[in-house]
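Structural overview
Listed below are the residues making up each chain.
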2 protein chains.
Amino acid sequence: MAGINRVAAKEKFLRFLEQKNLRMTSQRQVIIDTVFSTDQHFTAEQLLDWARKQDQSVSRATVYRTLPLLTESGLVHEMDFGKDYKYYDPNYADSPNHNHLICQDCDRIVEFESDKIDKLQDEISQSLGFSLKAQQLRLTASCDELKRLGACKNKAC
Amino acid sequence: MAGINRVAAKEKFLRFLEQKNLRMTSQRQVIIDTVFSTDQHFTAEQLLDWARKQDQSVSRATVYRTLPLLTESGLVHEMDFGKDYKYYDPNYADSPNHNHLICQDCDRIVEFESDKIDKLQDEISQSLGFSLKAQQLRLTASCDELKRLGACKNKAC
DNA sequence: AGCTTTTTGATACTGAGACGCAAAAATCGT
DNA sequence: ACGATTTTTGCGTCTCAGTATCAAAAAGCT
């Protein structure tokens, strides 16, 4: 599953820029092309590297300036995995409620959804007197189950 | 509910140090006294400020060195609320599975627990082939429910 | 083409946290 | 109680992600 269609994403971003009276530039093109050519989570610095392979001249500043736009437009989601830098998730437009399980042994990140959890979160928020706006669930786990079965395909396992 | 007993906490920390062949020093005393005189979440810099009011000589380095010890001993929990600095939660020893709801309007942090969610998390981890080690659930919400009812006591609401 | 507004890239800056090291404190053996 | 050994401390420096500044370049407008 390769995330949102690159063309659809670009289109949505165009509409967002228009509505905000911002301009589509070649640098922004390169950046969102890069973002939606993967479905991996990435950091700002990674994105800079990748984008520069496509266009030497893309600057760090522009990458850091474009990421908040992508976040605001709902195409990408800002995540913190407990490191001292941010991660960005390009699968957000597809499934805005997905959660993450991070393996502490092999650093894999597995995405999952759960209607039951979503529903409970809503109920709890209501019962505390709030209305839920956003949510982040992060499970830290160990793949020893898979290891025991010899089924873990990851090199680090 | 004022968090774990200060005396109990100090005792637990003493045992932890002993087991690791580390020493109890006056600075570490001051730091954990400070930590367990509140049940609020705090940052490293806040802790430094508070501790220095009690003992001028406590250094930034020592605070930053002590916090990982407190975390490792299970007395405190490291949290990220999406800011670029970490928060620490002194209520962790009491209820290691509690979750957080952060109000985006008034910045209040409400703690809550849910056996149902805990259970679902475990089930999901198992079904993905992992065993759950740790968990962080963060809800971002707005207190407009309370506001509408005129029941929100917070000044910012 | 000229004029205005936005965007860009280079560079300097900020702020949390880590590191290195010599001095100070705690522990231990005698 | 005292010197030897080990740990811890405080200071200063360093790193690194992210932000701010600003003149130059690009885009859009008439």
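Attention in this report is confined to the structure presented alongside it. Sequence positions are assigned chain by chain, starting from 1 and proceeding in written order. For this description, chains carry letters from A and ligands carry numbers from 1, given in the order in which they are written. Local features in this predicted model are restricted to residues of pLDDT 70 or higher, and side-chain atom pairs are both shown and tallied only at a pLDDT of 80 or more, whereas totals for entire chains, interfaces and linings draw on every residue. To obtain the side-chain values, all non-hydrogen atoms of the structure were used and water was disregarded.

1. Details of the pattern of salt bridges
Think of it this way: side chains of opposite charge can pair up when their charged atoms draw near. We define a salt bridge as a contact between a side-chain nitrogen of Lys or Arg and a carboxyl oxygen of Asp or Glu at a distance within 4 Å. For the coordinates displayed, the defined rule picks out 12 salt bridges over all chains. The partner of A:R60 in a salt bridge is A:E45, and the shortest N-O contact between them spans 2.9 Å. Here A:R60, found in helix α4 (residues 60-72), pairs with A:E45, found in helix α3 (residues 44-54); they are 15 residues apart in sequence, far enough to count as distant. Judged by its relative accessible area of 40%, A:R60 is partly exposed. Here B:K10 and B:D33 are joined by a salt bridge, their closest N and O atoms 3.1 Å apart. Placement of the pair is B:K10 in helix α1 (residues 6-19) and B:D33 in helix α2 (residues 26-35), with a sequence separation of 23 residues. Here the residues in one salt-bridge network are A:D80, A:R138, B:D80 and B:R138, joined through shared partners. Strands here are runs of E lasting at least two residues and helices are runs of H or I lasting at least four, both read from the DSSP assignment and numbered beginning at the N terminus. Working definition: with a 1.4 Å probe on protein chains only, accessible area under 20% of the residue-type maximum means buried, over 50% means exposed, and in between means partly exposed.

2. Let's talk about the protein's contact with DNA strand C
Residues in close proximity to DNA strand C total 18 residues, the closest being A:T25, A:S57, A:S59, A:T62 and A:R65. The rule for a residue being near a molecule or strand is that one of its heavy atoms must lie within 4 Å of it. Counting only the atoms of DNA strand C within 4 Å of the protein, the fraction contributed by sugar and phosphate is 76%. Polar contact is defined as a pair of N or O atoms within 3.5 Å, subject to the rule that within protein one atom must be able to donate a hydrogen and the other to accept it, and that residues adjacent in sequence are counted only when both atoms are side-chain atoms. Between B:R23 and DNA strand C, the recorded distance is 3.2 Å, taken from a side-chain N or O atom to a base nitrogen. The separation between a phosphate oxygen of DNA strand C and a polar main-chain atom of B:K86 is 2.9 Å. Of all elements in the fold, only α2 (26-35) and α4 of chain A together with α4 (60-72) of chain B reach the threshold of two or more residues within the surface near DNA strand C. If one sorts the elements of the surface near DNA strand C by residue count, α4(A) sits on top with three residues. Under the grouping applied here, Gly and all other residues not named as nonpolar or charged are polar, the nonpolar ones being Ala, Val, Leu, Ile, Met, Phe, Trp, Tyr, Cys and Pro and the charged ones Asp, Glu, Lys and Arg. The residue makeup of the surface near DNA strand C, split by class, is six nonpolar, five polar and seven charged.

3. Observations regarding the relation of the copies chain B and chain A
Mapping chain B onto chain A is achieved by rotating through 180 degrees and translating by 0.1 Å along the same axis, at an RMSD of 0.2 Å. The superposition operator between the copies reduces to a two-fold rotation axis. Using C-alpha coordinates, one finds that chain B approaches the rotation axis most closely at B:L137, a distance of 2.2 Å. Here the copies are superposed with least squares, the fitted atoms being C-alpha atoms of residues at a pLDDT of at least 70 in both.

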